[in-house]
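The primary structure of each chain is shown beneath.
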Amino acid sequence: MPQPPRTSSASDRSWRPGPLRRGTDPDPRFTLANERTFLAWIRTALGIIAAALALETLSGQHFLESTRRLLVCVLLVFAVLITAAAGFRWFRIEIAMRTNQSLPLPGIVILTAIFVVGCALAIAVLTLQ
């Protein structure tokens, strides 16, 4: 049997940013699932940072220095973008759950897919030279 929505007292909500004080508290399972998804995006960003570090450290003479630095910078900038987008996505989903709205579309997924395709093409071009 479904449980009624949880409501918090004003003192429980006072530490939260304004948008997270509206509505009712969602089922904790959904909030925790949202948090796990956020952490998965953070792991992805950490993996990209590790790839940038590996490229900088292990590529040796395989790439020109300017090419290597450009690739490392692109990877690091993308890791920052993913981290920021993950935080923004967590916030938007949490608000949507609290106010009984539809969940927002995951734009971060499209961005990541385009980036991965671009990286694969860049690696193909650079290794076939």
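Residues numbered from 1 in each chain as written. Predicted model: local features only at pLDDT ≥ 70, side-chain atom pairs only at ≥ 80, totals over all residues. Heavy atoms only, no water.

1. A word on helix H3 (residues 65-98)
Note the following rule: Secondary structure counts use DSSP, requiring at least four H or I residues in a row for a helix and at least two E residues in a row for a strand, with both numbered from the N terminus. Multiply 1.5 Å by the residue count of a helix minus one, and that product is the helix's expected span.
Its 34 residues place the ends of H3 50 Å apart at the C-alpha level, agreeing with the 50 Å of an ideal helix rising 1.5 Å per residue. Two residues or fewer past H3, Asn-100 is found with a positive phi of approximately 60°.

2. Concerning the nonpolar core
This is how the line gets drawn: Nonpolar core, defined: a set of buried Ala, Val, Leu, Ile, Met, Phe, Trp, Tyr and Cys residues in which side-chain atoms within 4.5 Å join the residues together. Buried means the residue's accessible area, taken with a 1.4 Å probe over protein chains only, is under 20% of the maximum for its type, while exposed means over 50%, and partly exposed covers the values in between.
If you look at the biggest cluster of nonpolar residues, it comprises 13 residues, and the most contacted ones within it are Trp-41, Ile-48, Leu-75, Phe-78, Ile-82 and Ile-108. Among the elements of the structure, helix H2 (28-58), H3 and helix H4 (107-127) are those that each provide at least two residues to this core. Tallying contributions element by element places H3 first for this core, with 6 residues.

3. Quick look at the environment of Asn-100
Among the secondary structure elements, Asn-100 is positioned in the loop between H3 and H4. Asn-100 gets classed as exposed once you look at its relative accessible area, which sits at 76%. Spatially, the C-alpha atom of Asn-100 lies 8.9 Å from that of Pro-26, the residues being 74 residues apart in sequence.

4. So, the packing of H2 against H3
This is how it is decided: Fitting a line to C-alpha atoms yields each axis, with helices limited to the stretch in contact; the angle taken between N-to-C directions then spans 0 to 180 degrees. Under this scheme an angle from 65 to 115 degrees is roughly perpendicular, one under 35 degrees roughly parallel, and one over 145 degrees roughly antiparallel; angles in between are oblique. Each residue is assigned to one of three groups, with Ala, Val, Leu, Ile, Met, Phe, Trp, Tyr, Cys and Pro labelled nonpolar, Asp, Glu, Lys and Arg labelled charged, and all others, Gly among them, labelled polar.
Packing of H2 against H3 leaves a shortest axis separation of 8 Å and a crossing angle of 175°. Classed by the angle they form, the pair H2 and H3 counts as roughly antiparallel. Per-class residue counts for the contact of H2 with H3 are 21 nonpolar, 6 polar and 5 charged.

5. Re the pattern of salt bridges
Heads up, the condition is: Salt bridges, as used here, are contacts in which a Lys or Arg side-chain nitrogen is within 4 Å of a carboxyl oxygen on Asp or Glu.
Using the criterion set out here, one finds 5 salt bridges in the structure. Its salt-bridge partner being Asp-27, residue Arg-29 comes within 2.5 Å of it at the nearest N-O pair. Here Arg-29 falls in the exposed class, since its relative accessible area comes to 59%. Here Arg-68 makes a salt bridge to Glu-56, at a shortest N to O gap of 3.3 Å. Of this pair, Arg-68 sits in helix H3 while Glu-56 sits in helix H2, and the two are 12 residues apart along the sequence. Residue Arg-68 is classed as buried on the basis of its relative accessible area, which comes to 11%.

6. Topic: H4
Convention followed: Taking the helix axis as origin, the arc is that swept by the directions to the C-beta atoms. Contact between two residues is taken to exist if any of their heavy atoms lie within 4.5 Å; hydrogens are not considered.
An ideal rise of 1.5 Å per residue puts 30 Å on 21 residues; H4 measures up with 30 Å between its terminal C-alpha atoms. Restricting attention to buried positions, one finds in H4 the residues Ile-108, Thr-112 and Phe-115. Considered in projection along H4, the buried side chains sweep an arc of 65° and stay on one side of the axis. In H4, the exposed positions angled more than 90 degrees off the buried face are occupied by Ile-110, Ile-114, Leu-121 and Val-125. Contacts made by the buried residues of H4 are with H2 and H3.

7. Some details on the environment of Val-109
Considering the arrangement of structural elements, one finds Val-109 in helix H4. Residues Val-109 and Ile-82 lie 27 residues apart in sequence; the distance between their C-alpha atoms is 9.6 Å.

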